[in-house]
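Observations on the model geometry
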Amino acid sequence: MASEKKEFPAPSTVAIAEGTEAAQAAYPFYMQFEDEDDRRFWFYNSMHFPEPMTAFDMVTAEGAYCALGASNTRVHSLPTTLGIDYRVINGRVYIGGNAVTDPDEIARRSVEFEKRAFYYYENWERLYDQWKDKMRTLISDAEALPALDLPDFEPLENVHAGKGVASNHYLLDTYHKTLEGYFRMWHHHFEFLLLGYGAYMVFFDFCKQAFPEITDQTIARMVAGFEAEIFRPDDEVKRLSRCAVDLGIDGKFMDGVSADDLIASLEQSGTAGAEWLAELEKSRNPWFNVNVGDGFYHYHRSWNDDLSLPFSAIPGYIAKIKSGEDISRPIDELKAEREKLIDGYRDLLGSDEERAAYDQMIELACRVFPYVEGHKFYCEHWYTNLFFNKIREYGALFVEQGLIDDAEDVFHLNRYEVEQAIIIVMTSWSTGSPPRGQKHFRPLISERKAAIDVWAQMDASPALGPVPDIIDDPAIVMLWGITRENLDTWLNGDEGSDSELRGFAASNGIAEGTARVIKSVQEIDRLNEGDILVCQVTNPTWAPIFQKISAAVSDIGGSMSHAAIVAREYGLPAVVGTGKATAKIRDGQRIRVDGARGLVTLLD
């Protein structure tokens, strides 16, 4: 008798949590599942959206997928894939790719791709320098947006100058410019990204065919050891740690001392304290414009907004410096290994033609790869911090006008409702009448806060819809770690070994230690020296905590996910894409991580 085929739930069968129906309806209709979506495969994008999304934060998915699709489909014309559709249910973001399967259409798009993408590859350095200039201009424009101001009377100089536009208009104008800049940023974000991955994927496919036994991790190590801006913030924390030792004030940096108290103490420490604080300011602008998450949630504040994370790393770095340890990223070792691997596999090729093609592909992959991580500093971090902080200014204005109770409450309104609140404030200022909306917004916000709490306690299905026979999009495999085998594992639930978890072999090495299950960025401070980090997905800006941990394990991610890249750059054993590590591993349990085999063993 044939076994019953297992399937993921159809989207239409996923129930909205009882009591949260109105909060679900706060997401625009074009983000909601419809009946025809049952015929498609969707997977939960827990790499980028591991927590339920507030109504306003969903603008991140809007901007990102709108720009990603434009880049793939219309700008660079990737031959076999278009954009990504997205839906949200119970606060969780599900995505589905649009593949191109018709051979004639692939051929038509391939012609366009060669004319577009190859131009970028040939002019990569010049266009990348130009890209940085565009991003710096965009950042400067965001920083220059005016403060929100509603004077008692329009300034007399504006009247005498015949300006003809009153101050309340600029509340709306600034909001539109804030949104426009954010959507524009995402277009810049994807200008190079898929091309960077594409160059690597071509090399990856060549290696898999030429060297059948080669592992994904080995290929990835051929593009490791590059400088990228996203690693610079951690380098600055290390620099400040060395500075504290050199100035003789290292004794002031102790675990448990708040950043505010430490700064106050240094201000009373004479010349040495003043010198260190001056060095801190050099680091903060621009390198502390990174947030503690991945740039997709308003509450993942920047280091500049909250110095807790970088300051918490300094005592550990100081201890290592004083004991004579080298705390720098092992970039020279990574470069040496990269060159050895590249040369070694080139020698295995059988013809000059193969070696010439190999050299061309790896040279391009190494040229373009620094962008793959470097862009995050400018886009998801620096610019996104500015974006969310400008929205906070609107939250503060709404508090001042009595519409909401707390500035952070603005993020529980969707972006259309924020504009409604702006119009209310504009109207009240112009008419002299009290602002309307208090009775409207407060209950909505309360209801949506409660819904986020409910959704956060719920398990989300890793996928929805019919199971595909194969996963043939290399980006989905390498970034999200979703393979046909992984889908079978998800479908089988807890079947298999009770003492082992398998995932992608992300970074070599073996480590045993205490598992620390971290389910949100707010829990990072629970990590102790030598712990093994177990999380849904790691983030490059968590680098300062990597000095504490002995290994990392994640639920989601493939060989080229951020977690895998960062682990390799820091020489940390790691297994990613396990699917259920945070559910199966107990906090405090002793485990072994084998980063070469992609194996996690539960020891007790």
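Please read these numbers as outputs of a predicted model, since none were measured by experiment.

1. Comments concerning the overall build of the protein chain
Along the protein chain, the regular secondary structure elements total 19 helices and twelve strands. Its C-alpha atoms give the protein chain a radius of gyration of 25 Å, within 12% of the compact-globule value 25 Å for 604 residues. Along the longest, intermediate and shortest principal axes, the C-alpha atoms of the protein chain span 80 × 65 × 55 Å. Buried positions account for 56% of the 604 residues belonging to the protein chain. Once local pairs closer than 6 in sequence are excluded, the contacts in the protein chain between residues at least 24 apart make up 73%. Surface summary for the protein chain: the accessible area is close to 26200 Å², and the carbon and sulfur share equals 51%. Side chains of the protein chain carry 59 positive and 96 negative charges; the gap between the two charge centres is 1 Å.

2. Section: the domain arrangement of the protein chain
Segmenting the protein chain into domains produces domain 1 (11–114 + 460–489), domain 2 (229–328) and domain 3 (497–602). On a C-alpha basis, the centres of domain 1 and domain 3 stand 26 Å from each other. Taken residue by residue, the interface counts twelve residues in domain 1 and twelve residues in domain 3. Note on domain 1 versus domain 3: buried area summed over both sides is about 1000 Å², and carbon and sulfur give 60% of it.

3. Details of the sheet that holds strand β1 (residues 42–44)
The strand order β2-β3-β1-β4 describes an open sheet built from four strands, whose pairing is antiparallel. Sheet topology places β2 (81–89) and β4 (463–464) at the edges, where each strand pairs with a single neighbour. In this sheet, strand β3 (residues 92–99) lies alongside β1 in antiparallel orientation, the contact comprising two bridges. Counterpart to Y44 in the pairing with β3 is Y94.

4. What about a negative patch on the surface?
A grouping of E325, D326, D332 and E333 is seen on the molecular surface, where their side chains present a negatively charged patch. Structurally, the position occupied by E325 is in the loop between α11 (308–322) and α12 (331–347). Its relative accessible area of 46% is what places E325 among the partly exposed residues.

5. Thoughts on the environment of R526
Mapped onto the fold, R526 is located in the loop between β7 (510–518) and β8 (532–535). The sequence separation of R526 and Y197 amounts to 329 residues, and the corresponding C-alpha distance is 35 Å. Not counting residues up to four positions away in its chain, the partners in contact with R526 are R516, V517, I518, D531 and D587.

6. Topic: the packing of helix α6 (residues 169–210) against helix α14 (residues 415–431)
One way to put it is that α6 packs onto α14 with a least axis distance of 8 Å and a crossing angle of 160 degrees. Judged by the inter-axis angle, α6 sits roughly antiparallel to α14. The two elements α6 and α14 meet at a crossing, and its hand is right-handed. Of the residues in α14, those in contact with H169, L171, L172, Y175, H176, L179 and F183 of α6 are R415, V418, E419, I422, I423, V425 and M426. Here the residues of the contact of α6 with α14 sort into ten nonpolar, two polar and two charged.

7. Details of the nonpolar core
Ranked by internal contacts, the top residues of the largest apolar core, which has 173 residues, are W276, Y358, F398 and W480. With 21 residues, the top contributor of residues to this core is helix α13 (residues 352–400). Core analysis: the next-biggest nonpolar cluster, separate from the first, contains 15 residues, A515, V534, A581 and I591 among them.

8. A few points about the pairing of strand β9 (residues 551–554)
Going residue by residue along β9, you find A551 and V553 tucked away on one face and A552 and S554 tucked away on the opposite face as well. In this sheet, β9 lies alongside β8 in parallel orientation, the contact comprising four bridges. When the sheet's bridge partners are listed, I532 is paired in β9 with A551. Relative to strand β10 (residues 574–576), β9 runs parallel, the two being bridged by two bridges. Bridge pairing in β10 links A552 to A574. Assessed by its sense of winding, the connection that carries the chain from β9 through helix α18 (residues 562–569) to β10 is right-handed.

9. So, the sheet that holds β7
Pairing in this open sheet of eight strands is mixed, and the strands run β5-β12-β11-β7-β8-β9-β10-β6 from one edge to the other. Each end of this open sheet is capped by a strand with a single partner; those strands are β5 (500–502) and β6 (504–507). Each strand axis lies, on average, 30 degrees off the axis of its neighbour in the sheet, ignoring direction. In the sheet, strand β11 (residues 590–594) pairs with strand β12 (residues 599–602) via four bridges, with the strands oriented antiparallel. Bridging from a neighbouring strand, D594 pairs with L599 of β12. The strands touched by α18 within the sheet are β6 and β10, with β6 carrying the most contacts at an inclination of about 40 degrees.

10. Some details on a nonpolar patch on the surface
On the surface, F29, Y30 and Y416 cluster together to form a nonpolar patch covering roughly 330 Å² of accessible area. Secondary-structure assignment places F29 in the loop between α1 (21–24) and β1.

Cut-offs applied
- Residues numbered from 1 in each chain as written.
- Predicted model: local features only at pLDDT ≥ 70, side-chain atom pairs only at ≥ 80, totals over all residues.
- Heavy atoms only, no water.
- Helix = DSSP H or I, 4+ residues; strand = E, 2+ residues; numbered from the N terminus.
- Rg over C-alpha atoms; globule rule 2.2 N^0.38 Å.
- Buried < 20%, exposed > 50% of the residue type's maximum accessible area, 1.4 Å probe, protein only.
- Contact = heavy atoms within 4.5 Å.
- Areas by Shrake-Rupley, 256 points an atom, 1.4 Å probe, with all protein chains shown as cover.
- Lys, Arg positive; Asp, Glu negative; His and termini not counted.
- Charge placed at Lys NZ, Arg CZ, Asp CG, Glu CD.
- Domains from an automatic or database assignment.
- Buried area = accessible area lost by both parts, 1.4 Å probe.
- Pairing = 2+ DSSP bridges.
- Patch = residues over 30% accessible without salt bridge, like charges linked within 9 Å, V, L, I, M, F, W, Y side chains within 5 Å.
- Salt bridge = Lys/Arg side-chain N within 4 Å of Asp/Glu carboxyl O.
- Axes fitted to C-alpha atoms, helices over the stretch in contact; angles between N-to-C directions.
- Parallel < 35°, antiparallel > 145°, perpendicular 65-115°, else oblique.
- Left-handed = near helix turned anticlockwise from the far one by under 90°.
- Nonpolar A, V, L, I, M, F, W, Y, C, P; charged D, E, K, R; others polar.
- Core = buried A, V, L, I, M, F, W, Y, C linked by side-chain atoms within 4.5 Å.
- Right-handed = clockwise from strand over helix to strand, strands pointing away.

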